[in-house]
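Secondary and tertiary structure notes
Here are the chains, one letter per residue:
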Amino acid sequence: MSTTSLVSPDDIRDRFSKAMSAMYQAEVPQYETLLKLVEEVNRETLERDSALAERLAAHDELNRLGVERHGAIRVGTAEELAMLRRLFAVMGMHPVGYYDLSEAGVPVHSTAFRPIDDAGLSRNPFRVFTSLLRLELIESPTLRERAAAILAERDIFTAGARELIALSESQGGLSDEQADRFVAEALETFRWHRNATVDLDTYEALHAEHRLIADVVCFRGPHINHLTPRTLDIDEVQKRMPAAGMNAKDIIEGPPRRHCPILLRQTSFKALEEPTHFKGERQGTHTARFGEIEQRGVALTGKGRALYDRLLGASREKTQGLANEAHQQALAEVFAEFPDDEATLRREELAFFEYRLTDAGRAADAGHETNLDALIAQGLVTARPITYEDFLPVSAAGIFQSNLGGAQNDAYAGHANREAFEAALGASVTDELALYAEREAASKEKVLKRLDRATA
Ligand code: OOG
Ligand code: NI
């Protein structure tokens with residue numbers, strides 16, 4: 001087969017993320033309401049703040065804003081995780097980052113499947129936060145074995161999905177028609193099933209150990225548990241959620257509101273109680289699915305991240321038990337120590353930037369200047385913040401907990417095990433910091449090379 005007839009993985013991901021969003025809107029009508037609210041606030045924000053609109057347009061962020069989102073799933077076995085890795089690879093999504101949630105009392109560890117190159121990110125940055133249940137952390141051997149036996153019986157992939165994944169691997173991609181079939185088949189894995197695979201007693205026993213275990217073990221597949229559009233003003237969306245009929249999470253996770261946004265701020269509407277049919281003709285309910293919103297800022301370097309982690313830790317006591325507004329206020333006071341202008345963030349190497357030549361830079365025939373600060377001062381080069389494309393473990397734990405009724409088990413803590421996760425995945429996860437650093441370094445090199453040629 002000639003390669004020209006294959007569609008790009010970016011294109012398949014774009015189709016898949018749209019199909020997933022349509023499915024979730026049909027399954028969870030509140031998510032549709034959330035999308036409308038986010039669109040409305042984004043529109044108002046861009047109208048009010050033309051500088052922001054111009055910046056986003058110049059950074060190719062405006063065109064992806066409407067399609068940008070992430071989702072999350074939870075799987076039960078190494079085989080499921082390894083197959084998902086192959087499924088996501090068809091769409092140009094690769095495992096980035098390792099997140100240990102045991103630290104926060106949730107018995108999972110996770111990665112994010114996402115595009116990694118610039119072109120893929122700007123086309124559609126769809127990411128899926130994927131967690132693997134850690135049965136080994138369940139204390140009761142009977143319950144552990146019962147859960148493992150139930151999981152061993154299910155196949156979360158359709159035969160069609162398995163075939164198309166293998167086909168994509170052997171021919172190096174999919175044709176247009178195969179891609180459409182792949183999207184339809186892959187979607188089946190993430191669909192909600194109102195029929196549990198177990199009886200109510202089993203469900204309740206697993207639920208009593210941890211609500212998340214029941215969520216992963218008792219259903220036919222890893223239903224998508226939320227989708228998350230990107231907002232330009234998370235404080236405003238949080239404020240408007242109740243009037244739109246949504247039960248908003250108590251506080252916004254992540255850093256406070258800032259002039260130069262950093263990393264990621266997130267909030268959600270709480271999971272809905274949904275009627276569920278159990279074996280033995282028993283009716284019950286299950287609470288798992290919710291909607292989330294996120295506001296993204298610049299990616300931080302290791303140094304910036306250490307400062308973020310330290311300040312977040314320092315804020316914990318001061319924000320404990322506060323309602324969102326007071327919480328944000330207290331957080332902002334602690335974060336006053338974090339520089340809030342692009343020049344300082346760059347100079348102190350707290351955040352990652354991408355360097356580009358300005359029009360003047362492209363026309364330059366000035367000397368052999370290699371100092372980027374000097375080139376910026378001369379107006380030949382600009383530095384723009386690189387958007388953070390990943391997740392935050394403390395925030396993720398907050399999102400998990402608010403949707404698990406605050407369930408937390410401290411006995412799970414202290415069990416980070418990246419090697420075990422990678423063994424289950426069948427691959428190593430890419431270090432997210434290295435990706436941003438490479439992008440920054442490559443942009444620097446390109447700019448200096450161009451100037452060097454211009455001045456040679
Ligand atoms: C995942 C929660 C984490 C995020 O945005 O940090 C997450 C889950 O509840 O399965 O999605
Ligand atoms: Ni999320």
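Residues numbered from 1 in each chain as written. Chains lettered and ligands numbered in written order. Predicted model: local features only at pLDDT ≥ 70, side-chain atom pairs only at ≥ 80, totals over all residues. Heavy atoms only, no water.

1. Description of the site of ligand 1
- Close to ligand 1 lie H70, A72, R74, F129, N225, H226, Q266, E292, F391, A396, I399 and F400, which account for all nearby residues.
- In the model, an oxygen atom of ligand 1 is placed 2.7 Å from a nitrogen or oxygen of the R74 side chain.
- Take E292: an N or O atom from its side chain is 3.1 Å from an oxygen atom of ligand 1.
- Protein contact buries 100% of the 320 Å² of open area that ligand 1 shows by itself. (Near = heavy atom within 4 Å. Polar contact = N/O pair within 3.5 Å; in protein donor to acceptor, adjacent residues only side chain to side chain. Areas by Shrake-Rupley, 256 points an atom, 1.4 Å probe, with all protein chains shown as cover.)

2. Topic: the side chain of H193
- Inspection of the secondary structure assignment puts H193 in the loop between α9 (176–189) and β7 (195–199).
- Beyond its immediate sequence surroundings of up to four residues, H193 is in contact with E188, F219, R220 and G221. (Helix = DSSP H or I, 4+ residues; strand = E, 2+ residues; numbered from the N terminus. Contact = heavy atoms within 4.5 Å.)

3. Quick look at the nonpolar core
- Counting residues in hydrophobic clusters, the biggest one holds 69 residues, and the most contacted among them are L101, L206, Y308, F338 and V381.
- Aside from chain neighbours lying at most four places away, what touches V381 is Y355, R356, L357, T358, L372, L375, I376, V447 and L451.
- Within the second largest apolar cluster, 53 residues are counted, among which are Y31, F88, V128 and L425. (Core = buried A, V, L, I, M, F, W, Y, C linked by side-chain atoms within 4.5 Å. Buried < 20%, exposed > 50% of the residue type's maximum accessible area, 1.4 Å probe, protein only.)

4. Remarks on the domain arrangement of the chain
- Taken domain by domain, the chain consists of domain 1 (3–297 + 388–425), domain 2 (300–340) and domain 3 (352–385 + 432–456).
- Between the C-alpha centres of domain 2 and domain 3 the distance comes to 33 Å. (Domains from an automatic or database assignment.)

5. Here's the deal with the sheet that holds strand β10 (residues 273–279)
- Spatially, 3 strands are ordered β7-β10-β11 in an open sheet, and the strand pairing comes out mixed. Whereas interior strands pair on both sides, the edge strands pair on one side only; in this sheet they are β7 and β11 (282–287). Between one strand axis and the next, the sheet turns through 45° on average, direction left out of account.
- Direction of pairing for β10 relative to β11: antiparallel, over a ladder of 6 bridges. Bridge pairing in β11 places E274 opposite H286.
- On top of the sheet, helix α10 (residues 200–209) reaches β7, β10 and β11; it is set at about 85° to β7, its chief contact. (Pairing = 2+ DSSP bridges. Axes fitted to C-alpha atoms, helices over the stretch in contact; angles between N-to-C directions.)

6. Digging into the pattern of salt bridges
- Applying the stated criterion across every chain yields a total of 48 salt bridges.
- Note that D155 is salt-bridged to R162, the shortest N-O span being 2.9 Å.
- Its relative accessible area of 45% is what places D155 among the partly exposed residues.
- A relative accessible area of 34% means that R162 is categorised as partly exposed.
- Its salt-bridge partner being E354, residue R439 comes within 3.9 Å of it at the nearest N-O pair. Here R439, found in helix α20 (residues 432–455), pairs with E354, found in strand β13 (residues 353–357); they are 85 residues apart in sequence, far enough to count as distant. The same class applies to R439 and to E354, which are both buried. (Salt bridge = Lys/Arg side-chain N within 4 Å of Asp/Glu carboxyl O.)

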